[in-house]
Each structure stands twice: as structure tokens, then as C-alpha cells.
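In case you want the letters, here they are:
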Amino acid sequence: MKRRFPLVIRLSLTFGLLILLMLVAVTQILGVSQKSIIGKLIDDGNGRLAQARGAQLGVLVDKLRTELIAFSSAAALRSGDNAKVREYVLGLGPFLSEELAGTLFAWPDGSYLTSYGASGNISDRDYFKAVMGGEGSYMIGSPATSKSLGIPIVVFALGIDAANGSRLGLLALQVKLESLSAISSAISVGRTGYGWLVDRRGLVIAHKDQAKVMAFNILESEKDGYRGLAELGKEMLAQKVGMGTWSSKEGVEYATYYSAVPGSPAWKLGITQEASEIASPQDRLRNILLAIFLASMVIAVPVFFLLMPWLVRVVFGSQYEGAVDAARIVLLAAAIQFAIGWTKS
């Protein structure tokens, strides 16, 4: 009579093999899912950072608006006496905040005087047309190069009305775009992440690369070799928050997380980071798990391979000894499938 191992031993080995196969399956599932889980956490974190920094810029916009309102409350501006207006405007210089290049008062014909004594005509500016044309009493203009300073600025304008309601002119703050760039460039995420700002036209108005300020429009970036940035730009201008991916003309892939700037004329703050850096935590975890389970497989597969004749006899009985080679093939196939499945995860 052929010897048979006790049922307990056979069941233990059977369940042991099943548990090993289940562990392999679970490991493959983890390898696939961990990337999406960690990626979602990173996306959520960077998205919240973009919203927080967008809100921070919104605080600056509100501060400048408050400063403009305070300056505009002076009786001299409503006196109708041009000499008093000139004296008041020229005296504002020492009281301007560091973000400002200056302030100006413009009369209904477009002529203006700045706090640093420059003069000229701004009747062609969008903020002048809006405020003096009755579209509203307050407006943030489109970024432009200052006629008197020759530097990129954005103007915050507020209408000045007489007691009878007639518009006497406007008072405006000249905000240096380099001040906005300093704020956005101070945003740092990891090794490659940085902040930038676009206006409602898609024109870059703040960037760590000053050459892009007032010279690069993301909606027209495709002609410069950027892939996906123009489409992302359309999404940015249409939505308050979101994220998207694009690649530079050098082929480097990036992810950008964006948020609207409260109180601004549809400005959007973007935080951009190289896709490879974003993926690095996922890759590190994946490599650690891979090393652990490859080490386990290096030990387990040869052991089970050598013990397969014994395992077949114990689990199935000696009448199945002819199936040893088939069982070994199944074992090797499972190990190969595990390795291929992991590399694709």
C-alpha cells in the first residue's frame, strides 16, 4: 500500500500555495493601484497649493484697491482746481507701497500727470475708455508697457466724481509687473516647481523667466513648439481651477495646476512642475515593493521548483508524479507573469 501523508499536511500545503498565489495577485493589484492613489494625493495637494497662492495674490489685489480708494478720497481731486490736483498727485510719491511704480491722475481728455512728474495722454488705454466711458467706476486694465516709465505695468483705475455726479477724471495706480513676478516666482514646489500668472488673454504677466513677461501667450504657444499648452490655456481661461499636462519644445513633460486670482480681471495663477518629479514618489514606492517581492520570488521559485516532486506527491498523491514537469511550468509561468505584470503597472 502506498504511503499517503496525513490530510492536515496536504491541506496545509494546499492552502499555503493558495495564500502565496493570493499574495502575488494582491501585490500586482497594489502595483497598479498605488500609482493612481499616490498620484491623486499629489494632484490634490498641488491643486490646493495653487488655490491658496491664488488667494494670496487676491489679497494683494484687494490691498491695492483699498489703497487706491484711500488716495481717491482727497478733497483736492474733487475741487475742480487743476493746480490743487497737480499738487496732490505730485505729493503721493512717499506714500506709495513697494509694488507701485507710481500713481497718476487723468482728465477727461486723456491728459495725465504722474506722481513722479511725467505727463502725456492715455485716452487709448482700455481702463481709461471704460472708466471715463461710463462702463464702471473701477477697473484693472490689461497689462501694458508704461508710456512714461517704459516698463511693463498693470493699472488699477478709479473714477473721480464731482458732487453733482459728473466724472472729473480718474486716479490710477501703476503696479509693476515685476512685483507680481516676484510673488509668483517665490512659489517653489519640489526641485522643479514654479509659479506664473496669465491675464484673460492668455498673456504671461508674471514668470520666473522675465523674457516671457508680456511676450509669451500660452494660447499661441503651439507655433513655438509647445505641445498641449495652448489647449491647457483655453481650459485655464474657461475654468476657475483645474490641472493639465503639456510638453516643452525640448520634449520635457510638465503638469500645471491653476486657480483664479480673486478680485482680478480673470487672472489665473499656474503652478508648474516636471511630470518626472511628480511621479518620482510613486516610482520609489514601486521600486521598493518590486525589490521586496523579487527577492521573495528569487528564494521561493527555486525552492518550490526543487521541491515540486515532493509537493505533488504530498498534495495530489504519488499517482500524479508524472505531472511534476507541468507543475514546474505553471510555477515558472506564474513567476514570469508576475514580473511582466509588475513592469506594466
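Quick caveat: nothing in here was measured; it's all calculated off a predicted structure. (Residues numbered from 1 in each chain as written. Predicted model: local features only at pLDDT ≥ 70, side-chain atom pairs only at ≥ 80, totals over all residues. Heavy atoms only, no water.)

Comments concerning the pairing of strand 2 (residues 111–114)
In this structure, strand 1 (residues 100–106) lies alongside strand 2, joined through three bridges in antiparallel fashion. The residue bridging leucine 104 from the neighbouring strand is threonine 114, located in strand 2. As consecutive antiparallel partners, strand 1 and strand 2 are separated by four residues, and within that stretch glycine 110 has a phi angle of approximately 100°, a positive value. In this sheet, strand 3 (residues 119–121) lies alongside strand 2 in antiparallel orientation, the contact comprising three bridges. Within the sheet, the bridge partner assigned to leucine 113 lies in strand 3 and is serine 119. Hairpin connection between strand 2 and strand 3: a loop of four residues separates the two successive antiparallel strands, and glycine 117 in this loop has a positive phi of roughly 90°. (Pairing = 2+ DSSP bridges. Helix = DSSP H or I, 4+ residues; strand = E, 2+ residues; numbered from the N terminus.)

Looking at the pairing of strand 6 (residues 152–161)
With eight of 10 residues buried, strand 6 is to be regarded as a mostly interior element. Across two bridges, strand 5 (residues 144–145) lies against strand 6 in antiparallel orientation. Counterpart to alanine 144 in the pairing with strand 6 is isoleucine 153. What sits between strand 5 and strand 6 in their antiparallel hairpin is a turn of six residues, with glycine 150 showing a positive phi close to 75°. Sheet analysis places strand 6 next to strand 7 (residues 167–176), joined by nine bridges and oriented antiparallel. Bridge assignment links aspartate 161 to a residue of strand 7, and that residue is arginine 167. Taking the residues that link successive antiparallel strands as the turn, the strand 6-strand 7 hairpin has five residues, and the phi of glycine 165 there is positive, at about 95°. (Buried < 20%, exposed > 50% of the residue type's maximum accessible area, 1.4 Å probe, protein only.)

Describing the side chain of glutamate 99
Structurally, the position occupied by glutamate 99 is in the loop between helix 2 (82–90) and strand 1. Overall, glutamate 99 belongs to the buried group, its relative accessible area being 9%. Within the structure, the side chain of glutamate 99 is placed 3.1 Å from the side chain of serine 97, a separation counted as a polar contact. Aside from chain neighbours lying at most four places away, what touches glutamate 99 is Leu60, Lys63, Leu64, Gln174, Val175, Lys176 and Ser179. (Polar contact = N/O pair within 3.5 Å; in protein donor to acceptor, adjacent residues only side chain to side chain. Contact = heavy atoms within 4.5 Å.)

Regarding empty space enclosed by the protein
Rolling a probe over the atoms, with the probe sized like a water molecule, indicates the empty space that remains. Tallying each qualifying case throughout the model produces two cavities of 30 Å³ or more. Arg125, Tyr127, Ser146, Ile153 and Val155 are the residues nearest the centre of the largest cavity, which is lined by 14 residues in total. Residue contributions to the lining of the largest cavity peak at three residues, all from strand 6. Residues that form the lining of the largest cavity fall into these classes: eight nonpolar, four polar and two charged. Reported here for the second largest cavity is a volume of approximately 40 Å³. (1 Å grid on protein atoms, 1.4 Å probe; cavity = no way out; pocket = protein on both sides within 12 Å on 5 of 7 lines; lining within 4 Å. Points joined across faces, edges and corners; volume = space filled by probe spheres on them. Nonpolar A, V, L, I, M, F, W, Y, C, P; charged D, E, K, R; others polar.)

Focus: the pattern of salt bridges
Scanning the entire structure with this criterion turns up eight salt bridges. Here aspartate 126 makes a salt bridge to arginine 200, at a shortest N to O gap of 3.9 Å. Residue aspartate 126 is found in helix 3 (residues 126–132), and its partner arginine 200 is found in the loop between strand 9 (193–198) and strand 10 (204–206); the two are separated by 74 residues along the sequence. Judged by relative accessible area, aspartate 126 falls into the partly exposed class, the value being 27%. Note that aspartate 161 and arginine 167 form a salt bridge whose closest N and O atoms lie 2.8 Å from each other. Using a relative accessible area of 25% as the deciding quantity, one classes arginine 167 as partly exposed. (Salt bridge = Lys/Arg side-chain N within 4 Å of Asp/Glu carboxyl O.)

Comments concerning the confidence of the model for the chain
A low pLDDT means the predicted coordinates there should not be read in detail. Taken as a whole, the chain shows an average pLDDT of 81; of its residues, 69% reach a score of 70 or greater. Within the chain, helix 8 (residues 324–344) has the poorest average pLDDT of any element, 56, and strand 2 the best, 97. Every residue in residues 5–9 is under pLDDT 50, and counting partners more than four places away or in other chains gives four contacts. (pLDDT = per-residue confidence, 0-100.)

A word on the environment of serine 97
Positionally, serine 97 belongs in the loop between helix 2 and strand 1. Look at serine 97 and you get buried, because its relative accessible area is 13%. Separated by 34 residues in the primary sequence, serine 97 and lysine 63 place their C-alpha atoms 9.9 Å from one another. Aside from chain neighbours lying at most four places away, what touches serine 97 is Lys63, Leu64 and Glu67.

Thoughts on the layout of surface pockets
Approximately 260 Å³ is the volume found for the second largest pocket. Along its surface, the second largest pocket is lined by 18 residues, and Tyr194, His207, Lys212, Tyr226 and Trp246 are the ones closest to its centre. Taken together, the residues of the lining of the second largest pocket break down into 10 nonpolar, three polar and five charged.

Some words on the packing of aromatic side chains
Evaluated as defined, the whole model comprises four aromatic pairs. For the ring pair phenylalanine 216 and tyrosine 226, a centre distance of 5.2 Å and an interplane angle of 55° mean the geometry is tilted. Taken as a pair, phenylalanine 216 in the loop between strand 10 and helix 5 (229–238) and tyrosine 226 in the loop between strand 10 and helix 5 lie far apart in primary sequence, 10 residues in all. Judged by its relative accessible area of 10%, phenylalanine 216 is buried. On the basis of relative accessibility, which here comes to 10%, the residue tyrosine 226 falls in the buried class. Arranged with centres 6.0 Å apart and planes meeting at 50°, the rings of tyrosine 226 and tryptophan 246 form a pair that is tilted. With tyrosine 226 in the loop between strand 10 and helix 5 and tryptophan 246 in strand 11 (residues 241–247), the pair connects residues that are 20 residues apart, well separated along the chain. An aromatic cluster of at least three residues, connected via ring pairs, comprises Phe216, Tyr226, Trp246 and Tyr254. The cationic tip of lysine 208 hangs over the ring face of tyrosine 194; the distance from NZ or CZ to the ring centre is 4.2 Å. The ring of phenylalanine 216 carries the charged tip of lysine 212 above its face, separated from the ring centre by 5.7 Å. (Phe/Tyr/Trp six-rings, centres within 6.5 Å; stacked < 30°, edge-to-face > 60°. Lys NZ or Arg CZ within 6 Å of the ring centre and 35° of its normal.)

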